[in-house]
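Working through the structure, step by step
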Amino acid sequence: QVRLVESGGGLVQAGDSLRLSCAAAGRTFGSYTMGWFRQAPGKERGFVAAITSNGGKYYLESVKGRFTISRDNAKNTVYLQMNSLKPEDTAVYYCAAETTEFPSYSPNPGWYDYWGQGTQVTVSS
């Protein structure tokens with residue numbers, strides 16, 4: 001069982017930055033693939049970024065160059081640094097984890113077994 005707790009959301013203006021954190025409770029955090037997803041009202045939950053156990057990083061095309069995913073295995077934490085935020089980035093952001101034998105990832109939310117409760121990010125124009 002993996003417990004995930006997100007933090008760092010808030011209300012910001014367009015162009016501002018936020019850093020989301022996701023703390024994981026689990027014995028083998030270093031072996032997890034960690035993902036960030038977001039869900040806007042009336043829309044499905046969608047992929048934002050993922051980082052594999054060996055540091056491979058994957059991004060939604062529209063956030064490339066603006067968002068950066070990173071992990072600190074010593075702190076069992078994954079981060080999402082979000083710069084140049086846009087109103088269309090407004091959503092509830094969720095952290096997800098999947099235990100994998102080999103470094104791999106998927107943009108499909110159904111691939112991940114563990115989820116946090118979400119943190120709201122609101123970007124005003």
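If you're wondering where the values come from, they're calculated on a predicted model, not measured in any experiment. (Residues numbered from 1 in each chain as written. Predicted model: local features only at pLDDT ≥ 70, side-chain atom pairs only at ≥ 80, totals over all residues. Heavy atoms only, no water.)

Comments concerning the pattern of salt bridges
Threshold: Salt bridge criterion: a side-chain nitrogen from Lys or Arg within 4 Å of a carboxyl oxygen from Asp or Glu. Numbering goes from the N terminus for both helices and strands, where a helix is a DSSP run of H or I of at least four residues and a strand is a run of E of at least two. Here's how the labels work: a residue is buried when its accessible area is under 20% of the maximum for its type, exposed when over 50%, partly exposed in between, all with a 1.4 Å probe on protein chains only.
Across all of its chains, the model carries three salt bridges by this definition. Close ionic contact of R66 with D89 constitutes a salt bridge, the shortest N to O distance being 2.8 Å. Within this pair, whereas R66 is found in the loop between β6 (57-59) and β7 (67-72), its partner D89 is found in the loop between β8 (77-82) and β9 (91-99), the two being separated by 23 residues in sequence. Exposure class is identical for R66 and D89. Each is buried.

Quick look at the packing of aromatic side chains
To be explicit about the condition: When two rings of Phe, Tyr or Trp (its six-membered ring) have centres within 6.5 Å they constitute a pair, described as stacked for plane angles under 30 degrees, edge-to-face for angles over 60, and tilted for the intermediate range. By definition, being over a ring means that NZ of Lys or CZ of Arg is both within 6 Å of the ring centre and within 35 degrees of the ring normal.
Taken as a whole and judged by the stated rule, the model has nine aromatic pairs. When the ring of F37 is compared with that of Y112, the centres are 5.2 Å apart and the planes differ by 75°; the resulting orientation is edge-to-face. Of this pair, F37 sits in strand β4 (residues 32-39) while Y112 is found in the loop between β9 and β10 (114-115), placing the two residues 75 residues apart along the sequence. Side by side, F37 and Y112 carry an identical accessibility label, which is buried. Cluster of aromatic residues (ring-pair linked, three or more members): F37, F47, Y58, Y94, Y105, W111, Y112 and W115. It is R45 that lies over the ring of Y94; its NZ or CZ is 3.6 Å from the centre. Taking the ring centre of W115 as reference, the NZ or CZ of R45 above it sits at 4.8 Å.

A look at the pairing of β4
If a strand is regular, its side chains alternate between the two faces of the sheet. For the record, the criterion: Paired strands, in this sense, are two strands between which DSSP finds at least two bridges.
The buried fraction of β4 amounts to seven of the eight residues, a majority that puts the element mostly inside the structure. Strand direction decides the pairing type here: β4 and β9, joined by eight bridges, are antiparallel. Opposite G35, over in β9, you have A96 as the bridge partner. Both β4 and strand β5 (residues 46-51) contribute to a ladder of five bridges, which runs antiparallel. Paired with G35 across the two strands is A50, which belongs to β5. Between β4 and the antiparallel strand that follows it, β5, lie six residues; G42 among them carries a positive phi value of about 80°.

Examining the state of the cysteines
The criterion, for reference: Note on disulfides: each one is a pair of cysteine sulfur atoms within 2.5 Å.
This model, assessed by the stated rule, comprises one disulfide. In this model, C22 is linked to C95 through a disulfide, with the two sulfur atoms separated by 2.1 Å. Sign of the S-S torsion, about -80° for the bond between C22 and C95, identifies this disulfide as left-handed. Of this pair, C22 sits in strand β3 (residues 18-25) while C95 is found in strand β9, placing the two residues 73 residues apart along the sequence. Side by side, C22 and C95 carry an identical accessibility label, which is buried.

Focus: the side chain of T77
So the rule is basically this: Pairs of N or O atoms within 3.5 Å make up the polar contacts considered here, provided that, within protein, one atom can donate a hydrogen while the other can accept it, and that residues adjacent in sequence are counted only when both atoms are side-chain atoms.
Along the chain, T77 falls in strand β8. A relative accessible area of 9% places T77 in the buried class. From its side chain, T77 meets the backbone oxygen of K75 in a polar contact 2.8 Å long.

Brief notes about the environment of K86
Cut-off, in case you're wondering: Any two residues whose heavy atoms approach within 4.5 Å are treated as being in contact.
Considering the arrangement of structural elements, one finds K86 in the loop between β8 and β9. For the pair formed by K86 and V12, sequence separation is 74 residues and the distance between their alpha carbons is 9.5 Å. Apart from residues lying up to four places away in sequence, K86 is in contact with R66 and V123.

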